[in-house]
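So you can see what is in the structure, the chains are spelled out below.
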Amino acid sequence: MPGPPAIRLRGAVKRYGAVTAVDGLDLDVPEGTCVGLLGPNGAGKSTTMKLLTAQAVADAGELEVLGHPLPGESKAARAQCGVVPQLDNLDETLTVEQNLLVFSYLYRVDRAARHEAIEAALDMANLRDRRTAKVSELSGGMRRRLLIARALVHRPRLVLLDEPTVGLDPQVRQELWALIDRLRSEGTTILMSTHYIEEAQRLADTVTIMSAGRAVAAGPPARLVTEHAGREALELFGPPRRLAEVEATARERGLRTRRTGTSVSVLDADGAFGDEGDRRPANLEDVFVLLTGEEIE
Amino acid sequence: MRRLERPALAGVLVREVVNFSSYWRSTTFSATVEPTIYLLAFGFGFGSLVSSVGGYDYVEFVGTGTVATAVLFSSAFPGMFSTFVKYKFQRTYDAILATPVDTEELVTAEALWIAARAAVYGCVPMLVAIVFGLDPSPGMLAVPFIGFIAGYGWASFGILIAALMKSIENFNYVISAVLTPLFLVAGTFFPLSQLPEWVQALANLNPLYHCVQLVRAAVFGPFVPADLGHLAAIVAFALVMWRLAIHFMERKLID
């Protein structure tokens, strides 16, 4: 049973001069769920994140975070939010523990609870044995874990993750997924922007697909896939000429296709191409490309 | 103007204090050695030519004057440079504004912190001058407070410049065209009475001049009504710069 929304945006608009970064965005994040904001670079994900902390002020629309209208009551909302930015902004010359200490003050953790809060954040990020290390001595993965821990030191009701694993090794990425998944299972509400399909598919209860500043579809990943891309896709490989033929044939039979690098994927082909090609389950990427016409990743 | 919340100011100040533990040596070194060099160079250089200025020994004259210089250096420069670095390169302000801290509180806390440092560093030339013959007086206890107010103004001025400039290289314009003239025409090293009258009139617009006058009034006494004017001038300077710094930082930090 979903609770009241932790985030509710209606018709949010943000313009930068002639560029409209967010163009009438509707977004719902029910309390206790993990919502993925999926879209290519430039879709308006980061601007949306900035709107939610009032580091950008919307030109139009209604925005509410944890029941507080923005930007008016943003400070009250921010007190209960943890924000993990896309670009690392840790204090480099401080130790792991000092970074957490500073944020325990910024997030107004009670003096009596401070020590315990810092220990809990260290545990969460698995950095207990690196507590006295300077940030500049940490690996990329550790830095990102600390960035997340820093946002959790006050036990926020809502965590905003902006591209949490961008630019990291696959192995480190999996490690962070485990961390985010643990957070989610503990009941923290999460909004996570990402342009990695797999990340959204694995972690998000519902996904909002963004393109050119708007939400083009929203729902649980599995439902989005069945609704928009069907059950299966047939992937056919070959030289460009062959791929063009496949596309033409598919069009004749009313089937939808998309180019996937060196192959063409035909959705719900159901034997239209005999034994040819590889069958694979339809995925969010198919949905995304079909809905937006844009390639991702 | 919204309310400045104490926990928000405290959060930003704690960040500065914890960071200070990693760089206090170099900052303290330059904040104390620089004015001391001025004091020694001018005090002994000019001091050998001029024995007294305006009724004071030259070392006393320069020793009190460079208090204002020390305050200026230790507040305007951190205001400009470290603000710019934190905003642009370290993105520290993005991190802070994602917590329950508003730009107004951020700027205020940064200026408070720099002003507190400037109040302490400002006393160094005076202490050095005592070693070289300046007589200690009870009025000297007022000097850190004068340094704090002036430091708050200069820190805010620096933050304002950081908010207005697109690149750190542009700071050179401000340093050459604004700070250097103000620094030289403040009655620090020579009394303004030597200068043409129009320069003396202009000096009244120089907060550094008022700071110098106040420090001398505190150290040598007696405190006369005209000193209230000097006090009002640095308080007004601090208030105006503070509000301007907030206004322009808000424009820079909030899209």
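Remember, predicted model here, so these are calculated numbers, not experimental data. (Residues numbered from 1 in each chain as written. Chains lettered and ligands numbered in written order. Predicted model: local features only at pLDDT ≥ 70, side-chain atom pairs only at ≥ 80, totals over all residues.)

A. Region of the structure containing the overall build of chain A. Counting its secondary structure elements, chain A contains 10 helices and 14 strands. Taken over C-alpha atoms, the radius of gyration comes to 21 Å for chain A, in line with the 19 Å a tight globule of 297 residues would show. Judged by the C-alpha coordinates and their principal axes, chain A covers about 70 × 45 × 40 Å. Relative to its full complement of 297 residues, chain A shows a buried share of 45%. Residue pairs in contact within chain A that sit at least 24 positions apart in sequence constitute 68% of those at least 6 positions apart. (Helix = DSSP H or I, 4+ residues; strand = E, 2+ residues; numbered from the N terminus. Rg over C-alpha atoms; globule rule 2.2 N^0.38 Å. Buried ≥ 20, exposed ≤ 12 C-beta atoms within 10 Å, placed from the backbone. Contact = placed C-beta atoms within 7 Å.)

B. Geometry of helix α1 (residues 6-45) of chain B. Relative to the 58 Å expected for 40 residues at 1.5 Å per residue, α1(B) spans just 48 Å between its end C-alpha atoms, considerably shorter than the ideal helical length. Of all the bends in α1(B), the largest measures some 75° and sits at B:Y23. For α1(B), the complete set of buried residues consists of B:A8, B:G11, B:V12, B:R15, B:N19, B:A31, B:P35, B:L39, B:F42 and B:G43. Looking at the packing, one finds that the buried side of α1(B) touches α3 (96-106) of chain A together with α2 (58-89), α3 (92-97), α4 (103-121) and α5 (123-131) of chain B. (Expected span 1.5 Å × (residues − 1). Bend = angle between axes of the 7 residues up to and from the residue.)

C. Highlighting the sheet that holds strand β11 (residues 232-237) of chain A. Residue and element names in this part refer to chain A. The strand order across the open sheet formed by 4 strands is β12-β13-β11-β14, and the pairing between neighbours is antiparallel. Two strands close off the open sheet at either side, each with one partner strand: β12 (257-260) and β14 (278-281). Averaged over all neighbouring strand pairs, the angle between strand axes comes to 30°, with direction disregarded. Sheet contacts for helix α9 (residues 240-252): β11, β12 and β13 (263-267); angle to β13, the most-contacted strand, approximately 15°. Where helix α10 (residues 284-292) meets the sheet, its contacts fall on β11, β12 and β13, and the angle it forms with β12 comes to roughly 115°. (Pairing = 2+ DSSP bridges. Axes fitted to C-alpha atoms, helices over the stretch in contact; angles between N-to-C directions.)

D. Inspection of the sheet that holds strand β2 (residues 19-30) of chain A at higher detail. Residues and elements named next belong to chain A. Spatial ordering of the open sheet is given by β2-β1-β4-β5, a layout of 4 strands whose pairing is antiparallel. Among the strands making up the open sheet, the edge pair consists of β2 and β5 (68-69). Where helix α1 (residues 45-52) meets the sheet, its contacts fall on β1 (5-16), β2 and β4 (60-65), and the angle it forms with β2 comes to roughly 65°.

E. A look at the packing of α3(A) against helix α4 (residues 111-124) of chain A. Residues and elements named next belong to chain A. Where α3 meets α4, the axes come as close as 10 Å, and the angle between the chain directions of the two elements is 130°. As the angle between them shows, α3 and α4 are arranged oblique. As α3 runs across α4, the sense of the crossing is right-handed. On α4, the residues that touch E97, L100, L101 and S104 of α3 are R114, A117, I118, A121 and L122. For the contact of α3 with α4, the residue count by class is 6 nonpolar, 1 polar and 2 charged. (Parallel < 35°, antiparallel > 145°, perpendicular 65-115°, else oblique. Left-handed = near helix turned anticlockwise from the far one by under 90°. Nonpolar A, V, L, I, M, F, W, Y, C, P; charged D, E, K, R; others polar.)

F. Highlighting the interface of chain B and chain A. Contacts between chain B and chain A engage 22 residues on the former and 22 residues on the latter. For the side of chain B that touches chain A, the secondary-structure elements that each account for two or more residues are α1 and α3 of chain B. Of all the elements, α1(B) adds the most residues to the side of chain B that touches chain A, at 8 residues. When its residues are assigned to classes, the side of chain B that touches chain A shows 11 nonpolar, 6 polar and 5 charged.

G. Here's a closer look at the packing of α3(A) against α1(B). Two numbers describe how α3(A) lies on α1(B): the axes approach to 7 Å, and their chain directions differ by 160°. One element, α3(A), and the other, α1(B), form an angle in the roughly antiparallel class. Helix-helix and strand crossings are classified by hand; for α3(A) and α1(B) the assignment is right-handed. Between α3(A) and α1(B), the contacting residues are A:Q98, A:L101, A:V102, A:Y105 and A:L106 on the first element and B:A10, B:G11, B:V14, B:R15 and B:V18 on the second.

H. Just unusual backbone geometry, in detail. Of the consecutive residues A:L70 and A:P71, the connecting peptide bond is found in the cis state with omega at 0°. Here A:P71 shows up in the loop between β5 and α2 (74-79). For the peptide bond that leads from B:G221 to B:P222, omega is -15°, which places it in the cis range. By secondary structure assignment, the location of B:P222 is in the loop between α9 (207-220) and α10 (225-253). Unlike most non-glycine residues, A:N126 shows phi in positive territory, near 55°. Among the secondary structure elements, A:N126 is positioned in the loop between α4 and α5 (140-152). In this structure A:N126 comes out as partly exposed when scored by C-beta crowding, with 14 C-beta atoms within 10 Å. Positive phi outside glycine occurs at B:R91, with the angle close to 55°. Structurally, B:R91 can be placed in the loop between α2 and α3. Among the residues examined, B:R91 registers 15 C-beta atoms within 10 Å and is labelled partly exposed.

I. Quick look at the nonpolar core. If you look at the biggest cluster of nonpolar residues, it comprises 163 residues, and the most contacted ones within it are A:V153, A:L160, B:A68, B:C211 and B:V215. Among the elements that take part in this core, helix α6 (residues 143-164) of chain B stands out by supplying 14 residues, more than any other. Leave out the neighbours within four places in its chain, and B:V215 touches B:T64, B:V67, B:A68, B:V143 and B:I146. (Core = buried A, V, L, I, M, F, W, Y, C linked by C-beta atoms within 7 Å.)

J. Focus on the confidence of the model for chain A. For chain A, the mean per-residue pLDDT works out to 91, and 98% of the residues sit at or above 70. Averaged over each element, pLDDT in chain A is lowest for β12(A) (82) and highest for α3(A) (97). (pLDDT = per-residue confidence, 0-100.)

K. The arrangement of α1(A) in detail. Residue and element names in this part refer to chain A. Burial of α1 is extensive: 8 of the 8 residues sit out of reach of the surface. Of the residues making up α1, those classed as buried are K45, S46, T47, T48, M49, K50, L51 and L52. The positive-phi residue at the C-terminal boundary of α1 is A54, with phi of around 60°.

L. Region of the structure containing the environment of B:A186. Residues and elements named next belong to chain B. Looking at the secondary structure, you find A186 in the loop between α7 (171-184) and α8 (197-203). Here the alpha-carbon distance between A186 and Y209, two residues 23 residues apart in the chain, equals 4.1 Å. Setting aside chain neighbours within four positions, we find A186 in contact with A68, N206, L208, Y209 and V212.

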